[in-house]
Amino acid sequence: MSQNRRQFLKTIAASAAAGVSVGMTTGCTTTKNTMQVPTAQGKSVMGLTVPKMDIVRIGFIGVGERGSGHVKHYCHMDGVEIVAICDTNEKVLDASLSHVVSKGFKKPARYTGSDLAYKKMLERQDIDMVIISTPWRWHTPMCVDTMNSGKHAFVEVPAATTVEECWQLVDTAEKTQKNCMMMENVCYGRDELMVLNMVRQGLFGDLLHGEAAYIHELRWQMKELTEKTGSWRTYWHTKTNGNLYPTHGLGPVAQYMNINRGDRFDYVTSTSSPALGRQAYAAREFSSEHERNQLHYIAGDMNTSVIKTVKGRSIMVQHDTTSPRPYSRHNYIQGTNGTFAGFPNRIAVEKAPSKIQALYQQDFERKLQQWHEQGEQGRKPKPSSFHRWDYDIEKWQQQYEHPLWLRMGNEAQRNGGHGGMDFLMLWRMVYCLRNGLPQDQDVYDAAAWSVITPLSADSVSDRSNSKDIPDFTRGQWQHAQPLDIVS
């Protein structure tokens, strides 16, 4: 062995003993999040409450596909008044106005004529909250204008598309002391609420890992050329290579893990597959000279991002709206005592509650008796174990159904909207305002969940190197209480 090689090996050994790296990262080496936190322009809105309202007066900006559904839902709720509606598309605007009148209510004020017509509506003093359901690029500007006009802002997902916009939302909410809630409806799904209840009751033990996704084949939206979602969302696939829509799967998992309320996102690492599907779809479905075939699609068909939290937990977040495959949000949570996974719903735990353990035992004894009666043919039944998924979720629902779903689930399902989650979310927003309660999600959640889009794109463009996630709470996550709707 040469002298140089012996010296190199000695250097490696000494470095390992000292706990430092030489051309590699050891398991105990960490880099501190150095993301700068700007100076606050007002006090924290963590747990923000406002005086109780007998009637919540609502204005709408955008009543296309999502917004029109919100108008219809609020026509079925007590304690609300639809005051004004704004949209640049007069056809959908008049349809929502007519619907309100058809339900026996006073016709709301009508605002249209330009992209900035909403600002005229915001000058009114008889609106308490504004629901924003517009293309993504308008979300942050409209939220900021809404809060600055003295009104609470409730916005469709994502709330922001850049790191700077996320801080704009946080700063404005703190300065004005107004709610800015991103309307992540999946947080109000029956399954997600049940899992939240399971987590709060400790069923899965200490949480370790979660998985979230928005896997939803939406190539057909490329045929929406002048109206509807595809007329503007298609272009995002030409300018951002990252997770374009993280919040549907991530919101519930973040709530399971008490993100911003005891833990927070620390950094994200992201990678994308090739971007092939939309170009192939355009070539198949449109003429060669069509505008859709002139676009350069750069968003990878599948994006996979991994978030690390300050407490060391991991969250995988995926996005794919291009590949031909079944819908999934994953909805996966793993702890020291077991795991829940969605799509399809299934569960495995090492130590089950006594009632469910008794059901497992009864089922095992029944199958064992049948095996004996059949002459001990085939494989002998085994007792229930965490080595096998339990797909029978009904018995778990009977023990862990969320109190909010128990109270309002039938009403939510009757009124619809993604299985009732839309109605329940909208009802809960107004309920909190009418009863002087904090909203279930706040501006810090809106920022933390939305910022994954720009940071994932930054990571992809930087050979998947990790990107720090800002502490939008400015340290308040260490003292904030977990979401309390379970109790």
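Below you will find a few notes about this structure.

Thresholds applied
Residues numbered from 1 in each chain as written. Predicted model: local features only at pLDDT ≥ 70, side-chain atom pairs only at ≥ 80, totals over all residues. Heavy atoms only, no water. Helix = DSSP H or I, 4+ residues; strand = E, 2+ residues; numbered from the N terminus. Rg over C-alpha atoms; globule rule 2.2 N^0.38 Å. Buried < 20%, exposed > 50% of the residue type's maximum accessible area, 1.4 Å probe, protein only. Contact = heavy atoms within 4.5 Å. Areas by Shrake-Rupley, 256 points an atom, 1.4 Å probe, with all protein chains shown as cover. Lys, Arg positive; Asp, Glu negative; His and termini not counted. Charge placed at Lys NZ, Arg CZ, Asp CG, Glu CD. Pairing = 2+ DSSP bridges. Axes fitted to C-alpha atoms, helices over the stretch in contact; angles between N-to-C directions. Phe/Tyr/Trp six-rings, centres within 6.5 Å; stacked < 30°, edge-to-face > 60°. Core = buried A, V, L, I, M, F, W, Y, C linked by side-chain atoms within 4.5 Å.

Re the overall build of the protein
Then, in step 1: Tallying secondary structure elements over the protein gives 17 helices and 14 strands in all.
Then, in step 2: Computed over C-alpha atoms, the radius of gyration of the protein comes to 25 Å, within 12% of the 23 Å expected from 2.2 N^0.38 for 487 residues, which places it in the range of a compact globule.
Then, in step 3: Counting only C-alpha atoms and orienting by the principal axes, one finds that the protein spans roughly 80 × 75 × 55 Å.
Then, in step 4: Taken over 487 residues, the protein has a buried fraction of 53%.
Then, in step 5: Residue pairs in contact within the protein that sit at least 24 positions apart in sequence constitute 75% of those at least 6 positions apart.
Then, in step 6: Carbon and sulfur atoms provide 49% of the accessible area of the protein, an area that totals close to 22,600 Å².
Then, in step 7: Looking at the protein, you have 55 positive and 51 negative side-chain charges, and the mean spots of the two groups are 3 Å apart.

What about the sheet that holds strand S5 (residues 152-155)?
Then, in step 1: The sheet built from six strands is open, its strands ordered S3-S2-S1-S4-S5-S6 with parallel pairing. Since the sheet does not close on itself, it has two edges, and those belong to strand S3 (109-111) and strand S6 (180-182), each with one partner. Ignoring which end each strand starts from, the neighbouring axes of this sheet average 20° apart.
Then, in step 2: Both strand S4 (residues 129-132) and S5 contribute to a ladder of four bridges, which runs parallel. Residue Ile-131 lies in a different strand from S5, and its bridge partner there is Phe-154.
Then, in step 3: Across the sheet, helix H5 (residues 139-148) is in contact with strand S1 (56-61), S4, S5 and S6; its angle to S5 comes to roughly 160°.

Let's talk about the packing of aromatic side chains
Then, in step 1: Inspection of every chain in the model, using the stated rule, returns 11 aromatic pairs.
Then, in step 2: Each ring, one from Trp-136 and one from Tyr-245, has its centre 5.7 Å from the other, and the planes form 15°; the classification is stacked. In this pair, Trp-136 sits in the loop between S4 and H5 while Tyr-245 sits in the loop between helix H8 (230-233) and helix H9 (247-256), placing the two residues 109 residues apart along the sequence. Considered together, Trp-136 and Tyr-245 belong to a single accessibility category, that of buried residues.

Digging into the nonpolar core
Then, in step 1: Ranked by size, the top nonpolar core spans 119 residues in total, and within it Tyr-74, Met-129, Ile-131, Phe-204, Phe-265, Trp-396 and Met-429 carry the most contacts.
Then, in step 2: If sequence neighbours within four positions are ignored, Phe-204 has contacts with Val-195, Met-198, Val-199, Ile-333, Gly-335, Thr-336, Asn-337, Gly-338, Thr-339, Phe-340, Ile-347 and Val-349.
Then, in step 3: Counting residues in hydrophobic clusters, the runner-up holds six residues, among them Met-222, Phe-286, Leu-295 and Tyr-297.

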